[in-house]
Amino acid sequence: MKIRYEFVTGEFSEIEVDDSLGELLVDFDRQEYNNDHKETRRHVSLDVMEYEGELFSSVADTADEVERREELARLMRAMEALSPAQRELVLKVYFEGRSLVSIAAEENVSHVAIVRRLNRIYEKLRKNL
């Protein structure tokens, strides 16, 4: 039986071996292939990932992201102290981007009344942050 080897340089070499030894080498090659396949099929190669992309952010970016998430969590806890009407006003002003004048017109109150409501909301948030 002939066994063919490929070197790193790309060269090939064929060796004549006994049939029993050849079958053993072929079996070893198959077992090695199966083990490699079993170990790598559930993993993602790092070579295919972009190093500075979304999966691998720098330490500074990670620290900033953690800090941003902590601040957001604190803000959400502080928002729980607001009444439903106050939460609705915050939603309209900051998330929907509506003007204070349009909100005042919708609720049939003055612009100053909306400003006062927002000031009370700011004070509650300051106390709870």
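Residues numbered from 1 in each chain as written. Predicted model: local features only at pLDDT ≥ 70, side-chain atom pairs only at ≥ 80, totals over all residues. Heavy atoms only, no water.

Caption draft 1: Looking closely at the confidence of the model for the chain. Residues with a pLDDT of 70 or more make up 83% of the chain, whose mean pLDDT is 83. Of all helices and strands in the chain, the one with the weakest mean pLDDT is strand β1 (residues 2–6) (81), whereas helix α4 (residues 100–106) scores best (92). (pLDDT = per-residue confidence, 0-100. Helix = DSSP H or I, 4+ residues; strand = E, 2+ residues; numbered from the N terminus.)

Caption draft 2: Region of the structure containing the pairing of strand β2 (residues 12–16). With 5 bridges joining them, β1 and β2 adopt antiparallel strand pairing. What sits directly across from Glu-6, in β2, is Phe-12. Linking β1 to β2, which pair antiparallel, is a turn of 5 residues; within it Gly-10 sits at a positive phi near 100 degrees. (Pairing = 2+ DSSP bridges.)

Caption draft 3: Representation of helix α3 (residues 84–95) within the structure. Taking 1.5 Å of rise per residue, the 12 residues of α3 would be expected to cover 16 Å, and the 15 Å separating its terminal C-alpha atoms lies within 8% of that figure. Buried residues of α3: Gln-86, Leu-89, Val-90, Lys-92 and Val-93, and no others. Looking down the long axis of α3, one finds its buried residues gathered within 165 degrees of arc, a one-sided arrangement. Of the exposed residues in α3, the ones pointing more than 90 degrees away from its buried face are Pro-84 and Phe-95. Just past α3, the residue Gly-97 takes up positive phi, approximately 70 degrees. (Expected span 1.5 Å × (residues − 1). Buried < 20%, exposed > 50% of the residue type's maximum accessible area, 1.4 Å probe, protein only. Arc of directions from axis to C-beta.)

Caption draft 4: Fine view of the side chain of Gln-86. Looking at the element boundaries, Gln-86 is found in helix α3. One polar contact links Gln-86 to Lys-124, side chain to side chain, over a distance of 3.2 Å. In contact with Gln-86, not counting residues within four places along its chain, are Ile-121 and Lys-124. (Polar contact = N/O pair within 3.5 Å; in protein donor to acceptor, adjacent residues only side chain to side chain. Contact = heavy atoms within 4.5 Å.)

Caption draft 5: Summary view of the packing of aromatic side chains. Within this structure, the stated rule accounts for 0 aromatic pairs. Arg-4 extends its terminal NZ or CZ atom over the ring of Phe-12, reaching a point 3.9 Å from the ring centre. (Phe/Tyr/Trp six-rings, centres within 6.5 Å; stacked < 30°, edge-to-face > 60°. Lys NZ or Arg CZ within 6 Å of the ring centre and 35° of its normal.)

Caption draft 6: Spotlight on a nonpolar patch on the surface. Judged by side-chain polarity, Leu-72, Leu-75, Met-76 and Leu-129 come together as a nonpolar surface patch covering roughly 370 Å² of accessible area. Mapped onto the elements, Met-76 comes out in helix α2 (residues 59–79). (Patch = residues over 30% accessible without salt bridge, like charges linked within 9 Å, V, L, I, M, F, W, Y side chains within 5 Å. Areas by Shrake-Rupley, 256 points an atom, 1.4 Å probe, with all protein chains shown as cover. Salt bridge = Lys/Arg side-chain N within 4 Å of Asp/Glu carboxyl O.)

Caption draft 7: Quick look at helix α5 (residues 111–128). Taking 1.5 Å of rise per residue, 18 residues should cover 26 Å, and α5 covers 26 Å from first to last C-alpha, within 8% of that figure. Of all the positions in α5, only Ile-114, Leu-118, Ile-121 and Leu-125 are classed as buried. One side of α5 holds all its buried residues, which, seen down the axis, span an arc of 60 degrees. In α5, those exposed residues whose orientation departs by more than 90 degrees from the buried face are Arg-116, Arg-126 and Lys-127.

Caption draft 8: Representation of a negative patch on the surface. Taken together, Asp-61, Asp-64, Glu-67, Glu-70 and Glu-71 make up a surface patch of like negative charges. Within the secondary structure, Glu-70 sits in helix α2. Glu-70 sits in the partly exposed class, given a relative accessible area of 48%. (Lys, Arg positive; Asp, Glu negative; His and termini not counted. Charge placed at Lys NZ, Arg CZ, Asp CG, Glu CD.)

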